[in-house]
Amino acid sequence: GVQDAPLLCPHGHIDPSWLADEAFRWSSPTELLVKPDHYLVRLMRSQGVSEAQLGIRPRGGSGKASGDGSMEEVADDREAWRTFCAHSRVLRGTPTALWLRESLAQVFGWRDWPLGVHNADASFDALSAKLASAEFAPAALLQRFGVEFLSTTDAASSDLRAHTAIAARGLPFRVVPTFRPDAALQIGASRWRAEVTALGVAAGVRVKDYASYLRALRARRAAFKRAGALAADHGVDDLRRTPPRALPLHAAEDIFAAALAGDAPPSSAQAAAFEGHMLMQMARMSTEDGMVMQMHCGVHRGHDERVARLYGPDMGGDVPLPQEFVHSLHELLNAYGTHPNMTIILFTLDEAAYSRDLAPLAGTYPALRLGPPWWFHDSRNGMRRYLEAVTESAGIDNLAGFNDDTRALPSIAARHDLWRRAVAAWAAEMADDGVFSEQEAREVVWELAYGRARAAYRIPAEPEAG
Amino acid sequence: GVQDAPLLCPHGHIDPSWLADEAFRWSSPTELLVKPDHYLVRLMRSQGVSEAQLGIRPRGGSGKASGDGSMEEVADDREAWRTFCAHSRVLRGTPTALWLRESLAQVFGWRDWPLGVHNADASFDALSAKLASAEFAPAALLQRFGVEFLSTTDAASSDLRAHTAIAARGLPFRVVPTFRPDAALQIGASRWRAEVTALGVAAGVRVKDYASYLRALRARRAAFKRAGALAADHGVDDLRRTPPRALPLHAAEDIFAAALAGDAPPSSAQAAAFEGHMLMQMARMSTEDGMVMQMHCGVHRGHDERVARLYGPDMGGDVPLPQEFVHSLHELLNAYGTHPNMTIILFTLDEAAYSRDLAPLAGTYPALRLGPPWWFHDSRNGMRRYLEAVTESAGIDNLAGFNDDTRALPSIAARHDLWRRAVAAWAAEMADDGVFSEQEAREVVWELAYGRARAAYRIPAEPEAG
Amino acid sequence: GVQDAPLLCPHGHIDPSWLADEAFRWSSPTELLVKPDHYLVRLMRSQGVSEAQLGIRPRGGSGKASGDGSMEEVADDREAWRTFCAHSRVLRGTPTALWLRESLAQVFGWRDWPLGVHNADASFDALSAKLASAEFAPAALLQRFGVEFLSTTDAASSDLRAHTAIAARGLPFRVVPTFRPDAALQIGASRWRAEVTALGVAAGVRVKDYASYLRALRARRAAFKRAGALAADHGVDDLRRTPPRALPLHAAEDIFAAALAGDAPPSSAQAAAFEGHMLMQMARMSTEDGMVMQMHCGVHRGHDERVARLYGPDMGGDVPLPQEFVHSLHELLNAYGTHPNMTIILFTLDEAAYSRDLAPLAGTYPALRLGPPWWFHDSRNGMRRYLEAVTESAGIDNLAGFNDDTRALPSIAARHDLWRRAVAAWAAEMADDGVFSEQEAREVVWELAYGRARAAYRIPAEPEAG
């Protein structure tokens, strides 16, 4: 059955350094399951549990955090775990609770659920002991899960050293990078100039103008491709602000030159226009090098400015935005939506766009595929809503299957399992209702669980030698 | 089981004068069930039944109404009841039908449903007879329903005299006011100056400038609090137009001064800015006095101008608006969203915002709670959509449970019952699917039926002496 | 039971010339089932099957099509059918698959499903043979389906000759035109002047200014009404751009005069204002002549410009738009929403508007009815979402029942059947849950399957003589 099919993980945020070093071990369940999981941290925060209580250090590494003015001691791992367990009821009803319950049971054999004050120390000790063993090294877990293919997400300026080391290990599954150039494209952000410098260094190109900037980007794409990358990924914070639209060359050159000179930051309108322009350039390069173009669209990052300031990005202070794809993608799709070497995979957090914008667009443009329900909607009901909303207009073959999109490695199997069960439940209901024959239902489940991801990302059938 | 738990009614529109006077009786079922229920009046109108046919007098009290030009006799209560019964089929499928059927059966013992021409007179007579008895006085009905706590909704300028009288009665349940200052804040409305005068009178403050205006508001909040109020409530017609954002002090002072002088109404932009500014002031006062800040956002009031002109507000001519909370609430949540003395409860009529804006926001800001499905969505399917859309991102503990939000007193028990059944059905489905254990499902149902409302509104465990 | 009730088809796109000529036969299944069905063509295209491969000729009638630059031979009908069968898996999960499967089985007795390479030639031959027989003439099929009433959709400039011929045939069901003046109203479109000329010719009015333009429109409405038309239909591409709002007479006259002179096209703002103005004129004429005003709102037509350029409209390159009805329809509904001679039927592709805008509006304005789920949402799940979203606020009696909206004649019965089953499943669930009694559920199913369409379009009980 489909529950035993291998796992394809073509988009996610596993840290490649975990896999590069055979000796890597997580030091505690807090380090593995609590601190890096912004799904969980946000829910704890929503009930008044501070980051410091969860053991999270502010940027700069101080042992104290300043929340609403007061300085707070950062808890050690055991104390943080106790706090987490004491407040775990806030997770009820969320996919985080499911993933955690299933990870604990299936990966660690820990079945005393829910976690609470009564079992905090015992679980901390039991999980810590297991994590010290080779059986719980990251690669071992992925192998146990049946992972066949895994993409990480890597800055355009990354030296990909971890991927070189992974390749040298000869793991029994394939691990490749994904080209994520956001920081090098977001010309309005304060970090942009530093990132362009890093991009040039990584590419071996002196970036002195727009032309050399494009050369550097192209060089990095080629390097990613040599490292096995099948896809690029673009985090588009608000597609309504930065629709992909080409600028006249001189306009792009001028904005770039002024921003690189650094005398004054580009205006908000210039930055938006340039970013939209660069999405068109990235699309063109995708048609040239064949790397799939993923777009994750519509999120207000760092909405809680306190969290962003103290702890940086990806700490659970992000919130979805309404998105509009019909006008925003008009130029992109007319330029590249029927290109034979192009695949664009779209993700959104605005469920209203599923049946209104996305499924109809994917049901006509050959280059377009829809990514699975993303982030807040990667959940039982989110999946059901997605399947019901998109399949009738887009069909099955225009979907990109599933990806787990996670940095929470132990939950990977549980996440795929949740998707597969959601797909199976939906297909069974359709079959009951005469929409699918039993044979069709089986095929469709297989496609959504495995076949579509392989097809959309063009994952080769046989792992190549690293 | 949860079906027998006491009722908490922390937000609603019961007229406190009904409870202040032990001798109050409704004169007929038309007076109780038809005329004041804008849910019902709108549906009758949608099928061509006029307000006059339902016995509703135009403002000014004339016995004739001018609809499309013709003058129409206003029906007496019996005739209006006959008309209502003759057209009751339009209610099919709406929660109004359910509430009415259940109220008639459980409160009045009337089970000949549906109402129609055949039973109009009999039902009119049977209900009228019951309504004359002490058993059907408002407080008696609330006691019969098991109401434990009830908030009314009261203008900031209210003298709260009815609440003083209620307190003196020593009812076996607690009744408190809610501070609703809309009319005193909506500086662009024609009624504003009169309301500010009334506010000053009630507060014992001569409102001559912005500073004394704030003093008067603060004084009224204190008076409401002394009368037991736990919450303020803000009707925000369009949050996109009046996002809570603080103005520089002199700007607020200038807009206020010009509006109070009355030489010219503020421009639409000035009015919107001032109203948004005042929401920030109200939030700050909530952090000071601890009154929960409710916001009911997004409704075009008086869409049908004929109805508004002839019959005034709350006559069923109101329609929901799309709302956006991520940008609109950015300043408010960054200022007060983590304040330890703050609770903000949000309501919307735009269901697209449930999973996109509201649940993610409530899943990170500790001050934020989500109100139950409101008004048009206070229904079987509306409740199911709400539960499925918000719980996966917000969890259970960030919800505010239920409130009946009604002026239709006999339906209060039926409304809570509908919610409790919806919650139980949803939780049972989640348990069947392995999301909840049976124990978790029972706890979650209890929380949503009772516990969360008590927690969100900080309802004291023991009724205080009146 | 309701499954045997006659079919009312008050809105659709059946070509009246098919019915005018008793001798008309479709030449092949490709001609009938593939080429004219943009639902199907778009899905084929989404998986890389070109229009030419499906046998579709570009405008101008060339036997070759230029897609991405290359010239491509247009397949003959058999080859196109083979290609279609070979790719039919893309239809899985879409209503097109259901309609096709059911049409083949019930109309043609062909049950070897799915279509594929293995049965392409056999099915082509079997279907072709049947199509040659009188039993498969269009009128014979409609009769077999139990069609009682059918509206076509006809340009305002149509001479209605086909309808004259149909009337002369004395068919056992009624066929009438629908007045669709879009091309004559869209003053910003390049085809507008030609259409106004055609309108004048058809009306026998020399259109030389705004006044004569209105006279011509009124004359055509009268002609349509004489031919049995019960309704007008307005395709409003984006109601947010062209909200119905009356212009001062001189402004309308000026825009019209300048556009008719043809010296320069109207500005985009002028065109939008004029189109919105004309919707108000059309509404006024509807109150005068009693023709129902249908509005199909919110679609970006020709999104894929290659498809539009090569193949023209209605080729599956159209995509829904977000719509907003509360502000956009404010003036229209205040002017005509309570007019006793008015019925407005609204359709949208933006499901977010179902429960937010449309059901509340239909639940208060007596002239307003909601059309069934349209186009992309005319599907199992789309129907369920619609029923659940609108009935609780609008009730049943404010819905317009079903219409099949199709040019795919053989699927008409299957489409009605899908709706009836969706309605029955929804009503059964409501009855199980105590919302409806069994009697109410039966009545409601009948109303939605038959009664509401008759009432909303005011279809006379007895067919008149042609």
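About the criteria used
Residues numbered from 1 in each chain as written. Chains lettered and ligands numbered in written order. Predicted model: local features only at pLDDT ≥ 70, side-chain atom pairs only at ≥ 80, totals over all residues. Heavy atoms only, no water. Helix = DSSP H or I, 4+ residues; strand = E, 2+ residues; numbered from the N terminus. Expected span 1.5 Å × (residues − 1). Buried < 20%, exposed > 50% of the residue type's maximum accessible area, 1.4 Å probe, protein only. Arc of directions from axis to C-beta. Contact = heavy atoms within 4.5 Å. Buried area = accessible area lost by both parts, 1.4 Å probe. Salt bridge = Lys/Arg side-chain N within 4 Å of Asp/Glu carboxyl O. Polar contact = N/O pair within 3.5 Å; in protein donor to acceptor, adjacent residues only side chain to side chain. Least-squares fit on C-alpha atoms with pLDDT ≥ 70 in both. Pairing = 2+ DSSP bridges. Axes fitted to C-alpha atoms, helices over the stretch in contact; angles between N-to-C directions. Parallel < 35°, antiparallel > 145°, perpendicular 65-115°, else oblique. Left-handed = near helix turned anticlockwise from the far one by under 90°. Nonpolar A, V, L, I, M, F, W, Y, C, P; charged D, E, K, R; others polar. Core = buried A, V, L, I, M, F, W, Y, C linked by side-chain atoms within 4.5 Å. 1 Å grid on protein atoms, 1.4 Å probe; cavity = no way out; pocket = protein on both sides within 12 Å on 5 of 7 lines; lining within 4 Å. Points joined across faces, edges and corners; volume = space filled by probe spheres on them. Domains from an automatic or database assignment.

Asker: Could you clarify how one ought to interpret helix α6 (residues 120-131) of chain C in this entry?
Answerer: Each turn of an α-helix holds 3.6 residues, which means side chains three or four residues apart point in the same direction. Residues and elements named next belong to chain C. Between its first and last C-alpha, α6 extends 16 Å over 12 residues, near the 16 Å set by a 1.5 Å rise per residue. Residues of α6 that are buried: Ala 120, Ser 123, Phe 124, Leu 127, Ser 128 and Leu 131. Taken end-on, α6 shows its buried residues confined to a sector of 125°, consistent with a single buried face. Of the surrounding elements, those touching the buried residues of α6 are α2 (29-34), α4 (77-86) and α5 (95-108).

Asker: I keep staring at the interface of chain C and chain B and nothing clicks. Help me out?
Answerer: When the parts of a complex come together, some accessible area is lost, and that lost area is often used as the size of the interface. Each side of the interface is counted separately: chain C has 41 residues, and chain B has 40 residues. Interface area for chain C against chain B, summed over the two sides, is near 3,400 Å², with a carbon-plus-sulfur share of 45%. There are 8 salt bridges connecting chain C and chain B. B:Arg380 is the partner of C:Glu429 in a salt bridge, and the nearest nitrogen-oxygen pair spans 3.1 Å. Linking chain C to chain B there are 29 residue pairs in polar contact (both at pLDDT 80 or more).

Asker: Which parts of the structure should I look at to understand the pattern of salt bridges?
Answerer: Here the idea is simple: oppositely charged side chains can pair when their charged atoms come close. Applying the stated criterion to the full structure yields 108 salt bridges over all chains. Salt-bridge contacts for A:Arg101 lead to A:Glu102; the nearest nitrogen and oxygen are separated by 3.1 Å. By the burial criterion, A:Arg101 is buried, and A:Glu102 matches it. Notably, a salt bridge pairs C:Asp121 with C:Arg82, separated by 3.0 Å at the nearest N-O pair. Of this pair, C:Asp121 sits in helix α6 while C:Arg82 sits in helix α4; the two residues are 39 residues apart in sequence, bridging distant segments of the chain. For C:Asp121, a relative accessible area of 31% puts it in the partly exposed group. What makes C:Arg82 partly exposed here is its relative accessible area of 32%.

Asker: Teacher, can you tell me more about the relation of the copies chain B and chain A here?
Answerer: The second copy of the chain is related to the first by a rotation about an axis and a shift along the axis. Once chain B is rotated about the relating axis by 120° and shifted along it by 0.0 Å, it coincides with chain A to within an RMSD of 0.0 Å. Both copies are brought into coincidence by an operation consistent with a three-fold rotation axis. Within chain B, B:Ala352 has its C-alpha nearest the rotation axis, a separation of 3.7 Å. Taken together, the interface assignments show that only 2% of the residues at the interface of chain B recur at the interface of chain A, consistent with different surfaces on the two copies.

Asker: Help me understand the sheet that holds strand β4 (residues 147-151) of chain B in this model?
Answerer: The pairing of strands in a sheet happens through backbone hydrogen bonds and is either parallel or antiparallel. Residues and elements named next belong to chain B. Within the open sheet, the 3 strands sit side by side as β1-β4-β6. Their pairing is parallel. The sheet is open, and its two borders are formed by β1 (7-9) and β6 (174-176), each paired with just one other strand. Put simply, the sheet's adjacent strands are angled 5° from each other on average, direction ignored. As paired elements, β4 and β6 share 3 bridges and run parallel to each other. Among the inter-strand pairings, Ser 151 is bridged to a residue of β6, identified as Val 176.

Asker: Honestly, the relation of the copies chain C and chain B in this entry has me stumped. Any pointers?
Answerer: Expressed as a screw operation, the relation of chain C to chain B combines 0.0 Å of axial shift with a rotation of 120°, fitting to an RMSD of 0.0 Å. A distinct binding surface is used by each copy, with only 2% of the interface residues of chain C retained as interface residues in chain B.

Asker: What's the story with the packing of helix α12 (residues 249-261) of chain C against helix α13 (residues 268-289) of chain C in this structure? I'm lost.
Answerer: Between two packed helices, what matters for the description is the angle formed by their axes and the separation of those axes. Residue and element names in this part refer to chain C. The geometry of α12 relative to α13 is characterised by a closest axis approach of 10 Å and an angle of 120° between their N-to-C directions. The angle between α12 and α13 falls in the class oblique. With respect to the hand of their crossing, α12 and α13 are arranged in left-handed fashion. Across from Ala 252, Ile 255 and Phe 256 in α12, the residues of α13 making contact are Gln 270, Phe 274 and His 277.

Asker: It is not clear to me how the interface of chain B and chain A should be interpreted in this structure. Could you clarify?
Answerer: Contact residues are listed per partner, giving 41 residues for chain B and 40 residues for chain A. Roughly 3,400 Å² of surface becomes buried between chain B and chain A when both sides are summed, with 45% attributable to carbon and sulfur atoms. By the criterion of area lost to chain A, the three top residues of chain B are B:Arg356, B:Thr364 and B:Glu392, representing 21% of everything that side buries. Between the two partners, chain B and chain A, sit 8 salt bridges. With its nearest N and O atoms 2.7 Å apart, the salt bridge here joins B:Asp397 to A:Arg89. The tally of links from chain B across to chain A stands at 29 residue pairs in polar contact (both at pLDDT 80 or more). When residues of the side of chain B that touches chain A are traced back to their parent elements, those giving at least two are α15 (330-336), α16 (352-362), α17 (380-394), α18 (412-432) and α19 (438-456) of chain B. At 8 residues, the largest contribution of residues to the side of chain B that touches chain A is made by α16(B). Of the residues that constitute the side of chain B that touches chain A, the class distribution is 16 nonpolar, 12 polar and 13 charged.

Asker: For this particular structure, what's the right way to read the side chain of A:Asp77?
Answerer: All names here are of chain A. Structurally, Asp 77 can be placed in helix α4 (residues 77-86). Side-chain polar atoms of Asp 77 contact the side chain of Lys 35, separated by 2.8 Å. Setting aside residues up to four positions removed in sequence, Asp 77 forms contacts with Ser 27, Ser 28, Thr 30, Glu 31, Lys 35 and Phe 124.

Asker: Just checking my understanding: could you explain the nonpolar core for this structure?
Answerer: Among soluble globular proteins, nonpolar side chains are generally buried collectively. Core analysis: the largest hydrophobic core is formed by 319 residues, its most contacted members being A:Tyr213, A:Met295, B:Tyr213, B:Met295, C:Tyr213 and C:Met295. Sequence-distant contacts of A:Met295, defined by excluding residues within four places in its chain, comprise A:Asp233, A:His234, A:Val236, A:Leu239, A:Pro244, A:Leu279, A:Leu329, A:Leu332, A:Ile344, A:Ile345, A:Leu346 and A:Phe347. If you look at the next biggest cluster of nonpolar residues, it comprises 52 residues, including B:Leu32, B:Met44, B:Val90 and B:Ile412.

Asker: Looking at this model, I keep getting lost on empty space enclosed by the protein. Mind explaining?
Answerer: In this structure, the largest cavity encloses a volume near 730 Å³. What lines the largest cavity is a set of 26 residues, among which A:Glu351, A:Arg385, B:Arg385, C:Glu351 and C:Arg385 lie closest to the centre. Elements that contribute at least two residues to the lining of the largest cavity include exactly α16 (352-362) and α17 (380-394) of chain A, α16 and α17 of chain B together with α16 (352-362) and α17 (380-394) of chain C. Residue classes in the lining of the largest cavity are distributed as 9 nonpolar, 3 polar and 14 charged. In this structure, the second largest cavity spans a volume of roughly 120 Å³. Considering the residues around the second largest cavity, the lining is formed by 13 residues, among which A:Leu33, A:Asp37, A:Leu100, A:Ala408 and A:Ser411 are closest to the centre. Taken together, the elements giving at least two residues each to the lining of the second largest cavity come down to α2 (29-34) and α5 (95-108) of chain A. A total of 4 residues in the lining of the second largest cavity trace back to one element, the largest contributor, which is α5(A). Residues that form the lining of the second largest cavity fall into these classes: 7 nonpolar, 3 polar and 3 charged. Two domains each provide a minimum of three residues to the lining of the second largest cavity, namely domain 1 (27-133) and domain 2 (138-456) of chain A.

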